[in-house]
Amino acid sequence: MPIKVRVPTPLRRFTGGVDEVVADGDSIKNVIEDLERRHPGIRERLLDDSGELRRFVNVYLNGDDIRFLNQLNSKVKDGDDISIVPAIAGGR
Amino acid sequence: MSYVTSLKCRECGQDYPISPLHVCETCFGPLEVQYDYAKIRAAVSRQAIERRPHNLWRYRELLPVEGEPEIGPCSGFTPLVRCERLGAELGIKKLYVKDDTVNHPTLSYKDRVVSVAISKAREFGFTTVSCASTGNLATAVAAHAARAGLNCVIFMPESVETGKIVGSTIYGARVITIRGNYDDVNRLCSEIADKYGWAFVNINLRPYYTEGAKTFGFEVAEQLGWRLPDHIVMPTAGGTILPKVAKGFKEFREVGLIRDGEFKIHCAQAAGSAPVVHALHKGTDLITPVKPDTIAKSIAIGNPADGFYVLRAVRESGGWGDVATDPEIIDAIKLLASTEGIFAEPAGGTTLAVAIKLIQQKRIKPDETVVVAITGNGYKTVEAVAQAIEQPCVIEARLKEFDALYERLGGSRRPLAGAA
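Thresholds, definitions, all that
- Residues numbered from 1 in each chain as written.
- Chains lettered and ligands numbered in written order.
- Predicted model: local features only at pLDDT ≥ 70, side-chain atom pairs only at ≥ 80, totals over all residues.
- Heavy atoms only, no water.
- Helix = DSSP H or I, 4+ residues; strand = E, 2+ residues; numbered from the N terminus.
- Rg over C-alpha atoms; globule rule 2.2 N^0.38 Å.
- Buried < 20%, exposed > 50% of the residue type's maximum accessible area, 1.4 Å probe, protein only.
- Contact = heavy atoms within 4.5 Å.
- Areas by Shrake-Rupley, 256 points an atom, 1.4 Å probe, with all protein chains shown as cover.
- Lys, Arg positive; Asp, Glu negative; His and termini not counted.
- Charge placed at Lys NZ, Arg CZ, Asp CG, Glu CD.
- Phe/Tyr/Trp six-rings, centres within 6.5 Å; stacked < 30°, edge-to-face > 60°.
- Lys NZ or Arg CZ within 6 Å of the ring centre and 35° of its normal.
- Pairing = 2+ DSSP bridges.
- Axes fitted to C-alpha atoms, helices over the stretch in contact; angles between N-to-C directions.
- 1 Å grid on protein atoms, 1.4 Å probe; cavity = no way out; pocket = protein on both sides within 12 Å on 5 of 7 lines; lining within 4 Å.
- Points joined across faces, edges and corners; volume = space filled by probe spheres on them.
- Nonpolar A, V, L, I, M, F, W, Y, C, P; charged D, E, K, R; others polar.
- Parallel < 35°, antiparallel > 145°, perpendicular 65-115°, else oblique.
- Left-handed = near helix turned anticlockwise from the far one by under 90°.
- Core = buried A, V, L, I, M, F, W, Y, C linked by side-chain atoms within 4.5 Å.
- Domains from an automatic or database assignment.
- Salt bridge = Lys/Arg side-chain N within 4 Å of Asp/Glu carboxyl O.

Trainee: What am I meant to see in the overall build of chain A here?
Mentor: In terms of helices and strands, chain A carries two helices and five strands. Seen in sequence order, chain A has helices and strands lined up from the N terminus as β-β-α-α-β-β-β. Relative to a compact globule of 92 residues, whose C-alpha radius of gyration would be 12 Å, chain A shows 12 Å and is just as compact. Counting the 92 residues in chain A, one finds 52% classified as buried. Partitioning the intrachain contacts of chain A with sequence separation of at least 6 by distance along the chain shows that 49% fall at a separation of at least 24. Carbon and sulfur atoms make up 46% of the accessible area of chain A, which totals about 4,300 Å². When the 15 basic and 16 acidic side-chain charges of chain A are each reduced to a single mean position, those positions are 5 Å apart.

Here is the structure:
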């Protein structure tokens, strides 16, 4: 079973307007690499020059912020659910 | 007529037209409203503002709305209270509380930001407004939406105080509570906003919403006699209000409403939810999110969207920040109530407790002008202090019983309210 990735509006130009795509990989980092192969251009929107997650991007694995897990090295398995969400929101 | 020119990404500088858009498509940075300050400078004056009604729209040139404002006609222009008794207690001569506990109609600073956001929702033609909230925002959105005749859907964590659920539902809003904390609610709402096209005031209308927070600072400056305070202590949760108050002060200088003057802006967080203060004390820009655990639910945000901008505004001004534990928060709520007759929510207790620490650390000096920002009302969060206050004395309706009580309480030497 592939991994589902929900894509926010600013990234949908890379996915042909689709809001949910599939990808493979055993870690968040590898899933992002696979996303890049399938949807070229998407990686540099997610990662900065040093390969770290950009400040204003949050990634959730099965609902948990990966910064509370093992960051980009968080383990991913088939059937997992990944969500990419812009960080800018909120205010109680 | 509006003086707004565009939306601009705060990170990469890309311009966008005025629209319900909050995130840069290139770098995910936050978008901010841009104004033509030269034109505003020519259009505003202290005298013109002073003649206007006492609401937040008296600063309309510096707010991003078109046409005559209709939302929030009684919101804003809350009292700036000179605190003689509290000041004496703390050894500060010119101490003020900016008192948004009495903001109209829902008793928190959120009536400001929501007035602007809902004005914008109407302009953009939305029929449903919504928000992710820990409570204060929920009640503000629900009330302003009701008056504007818009549908309203509110998302809150399951754990918020009953008063905030009742206080939203009563206005006709649909309330959905989420099993999770605020950050979970926020993430879900970001996804819903994306999918359903509703006007989430603190998500897709965020650039406009946050501008409303400047009015807190505008009012402080006007009410001090068109002057800036030496210090202002602000609560920090998601990071909306602090940078916007700093921006408001700078805009007043920029458009000539005040002369040059320096201010230090300080950040207050609850010890159980203090990612921004941790980063400030560590001297880093990197904010590590936390799982909040504090009685100050209205500022229990572990993953602050604008935390970075709080750090920047605090550091730029030469300010500082600190945290308050739950017992310190409760003590400060009681101190403010018993010296000044102002009942703040735990966020206000946090702010005062941190102000006290800054005074003790000598970062704030006795002869300087200090403003403590109280952004929400304690009547909405009685649960937070109910167990920490004295319980009432219960007696039968017989004078003899009162006589006995009077003796026990030390007679006239001590007021009954201070009894054991």
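Trainee: What exactly am I supposed to notice about the packing of aromatic side chains here?
Mentor: A full pass over the atoms with the stated rule returns 14 aromatic pairs over all chains. When the centroid spacing of 5.9 Å and the interplanar angle of 35° are considered together, the rings of Tyr35 of chain B and Tyr37 of chain B count as tilted. By relative accessible area, which is 7% here, Tyr35 of chain B ends up buried. Site record: aromatic cluster; members linked through ring pairs are Tyr59, Phe218, Trp226 and Phe252 of chain B. Sitting above the plane of the Phe308 of chain B ring, Arg55 of chain A keeps its charged end 3.8 Å from the centroid.

Trainee: Sorry, what's going on with the sheet that holds strand 1 (residues 3-6) of chain A here?
Mentor: Within a sheet, each strand pairs with its neighbour through backbone hydrogen bonds, oriented either parallel or antiparallel. As summarised here, the arrangement of the five strands in space is 2-1-5-3-4 (chain A), forming an open sheet in which the pairing is mixed. Strands with a single pairing partner mark the edges of an open sheet, and in this sheet they are strand 2 (20-23) and strand 4 (64-65) of chain A. Across three bridges, the pairing between strand 1 of chain A and strand 5 (residues 81-86) of chain A is parallel. When the bridges of strand 5 of chain A are listed, Lys4 of chain A appears paired with Asp81 of chain A. Each of strand 1, strand 2, strand 3 (57-61) and strand 5 of chain A touches helix 1 (residues 28-38) of chain A; the most contacted strand, strand 2 of chain A, lies at about 110° to it. Its contacts with the sheet place helix 7 (residues 182-196) of chain B against strand 1, strand 3 and strand 5 of chain A, and it is angled at close to 85° to strand 5 of chain A.

Trainee: What should I look at first to understand empty space enclosed by the protein in this one?
Mentor: In this approach a probe as big as a water molecule rolls over the atoms, and the regions it shows empty are the leftover space. Residue and element names in this part refer to chain B. All chains considered together, the criterion is met by four cavities of 30 Å³ or more. Taken as a whole, the largest cavity encloses approximately 140 Å³ of empty space. Taken together, 15 residues make up the lining of the largest cavity; nearest its centre are Leu31, Arg206, Thr210, Lys244 and Asp306. If you list the elements that add at least two residues to the lining of the largest cavity, you get strand 3 (31-35), helix 8 (206-212) and helix 10 (241-254). In terms of residue count, helix 8 provides more of the lining of the largest cavity than any other element does, three residues in total. For the lining of the largest cavity, the residue count by class is six nonpolar, four polar and five charged.

Trainee: Teacher, can you tell me more about the packing of helix 10 of chain B against helix 12 (residues 307-317) of chain B here?
Mentor: Each pair of packed helices gets described by two things: the angle between the helix axes and the distance between those axes. Residue and element names in this part refer to chain B. Between helix 10 and helix 12, whose axes approach to 8 Å, the crossing angle comes to 45°. Classified by the angle between their axes, helix 10 and helix 12 sit oblique to one another. Regarding helix 10 and helix 12, the two cross each other, and that crossing is left-handed. Between helix 10 and helix 12, the residues in contact are Leu242, Pro243, Ala246 and Lys250 and Tyr309, Val310, Ala313, Val314 and Glu316, respectively. Considering only residue class, the contact of helix 10 with helix 12 consists of seven nonpolar, no polar and two charged.

Trainee: In this structure, what is going on with the nonpolar core? I would like to understand it.
Mentor: One broad trend across soluble globular proteins is that nonpolar side chains are buried collectively. All names here are of chain B. In this structure, Ile118, Val129, Val141, Met234, Phe252 and Ile265 are the most contacted members of the largest nonpolar core, which totals 86 residues. When residues of this core are assigned to their parent elements, the largest contribution, seven residues, is made by helix 5 (residues 136-148). When neighbours within four sequence positions are excluded, Val141 is seen to be in contact with Val114, Ile118, Val129, Cys131, Cys152, Ile154 and Val201. Listed in part, the 46 residues of the second largest apolar core include Leu86, Val233, Ile330 and Val385.

Trainee: What's the story with the domain arrangement of chain B in this structure? I'm lost.
Mentor: Split into domains, chain B comes out as domain 1 (80-107 + 213-386), domain 2 (110-210) and domain 3 (392-420). Computed over C-alpha atoms only, the centres of domain 2 of chain B and domain 3 of chain B are separated by 47 Å.

Trainee: What exactly am I supposed to notice about the environment of Asn151 of chain B here?
Mentor: Residues and elements named next belong to chain B. Relative to the helices and strands, Asn151 resides in strand 7 (residues 151-157). The exposure class of Asn151 is partly exposed, given its relative accessible area of 49%. Along the sequence, Asn151 and Val129 sit 22 residues apart, while their C-alpha atoms lie 6.2 Å from each other.

Trainee: Could you clarify how one ought to interpret the pattern of salt bridges in this entry?
Mentor: A side chain of one charge can pair with a side chain of the opposite charge if their charged atoms are brought near each other. A complete count under the given rule lists 35 salt bridges over all chains for this structure. Where Glu33 of chain A meets Arg43 of chain A, a salt bridge forms, and the shortest distance between an N and an O atom there is 2.7 Å. Of the two residues, Glu33 of chain A sits in helix 1 while Arg43 of chain A sits in helix 2 (residues 43-46), which places them 10 residues apart along the sequence. The closest approach of N and O atoms between Asp15 of chain B and Lys8 of chain B, which form a salt bridge, is 3.5 Å. What makes Asp15 of chain B partly exposed here is its relative accessible area of 45%. Here the residues in one salt-bridge network are Arg10, Glu32, Glu211, Lys214, Lys244, Lys247 and Glu251 of chain B, joined through shared partners.

Trainee: How should the sheet that holds strand 2 (residues 15-16) of chain B be read in this particular structure?
Mentor: All names here are of chain B. If you trace the three strands from one edge of the open sheet to the other, you get 2-1-3, paired in antiparallel fashion. The open sheet is flanked by strand 2 and strand 3, the only strands paired with a single partner. Pairing of strand 1 (residues 4-9) with strand 2, which is carried by two bridges, proceeds in the antiparallel orientation. Along strand 2, the bridge assignment pairs Leu7 with Tyr16.

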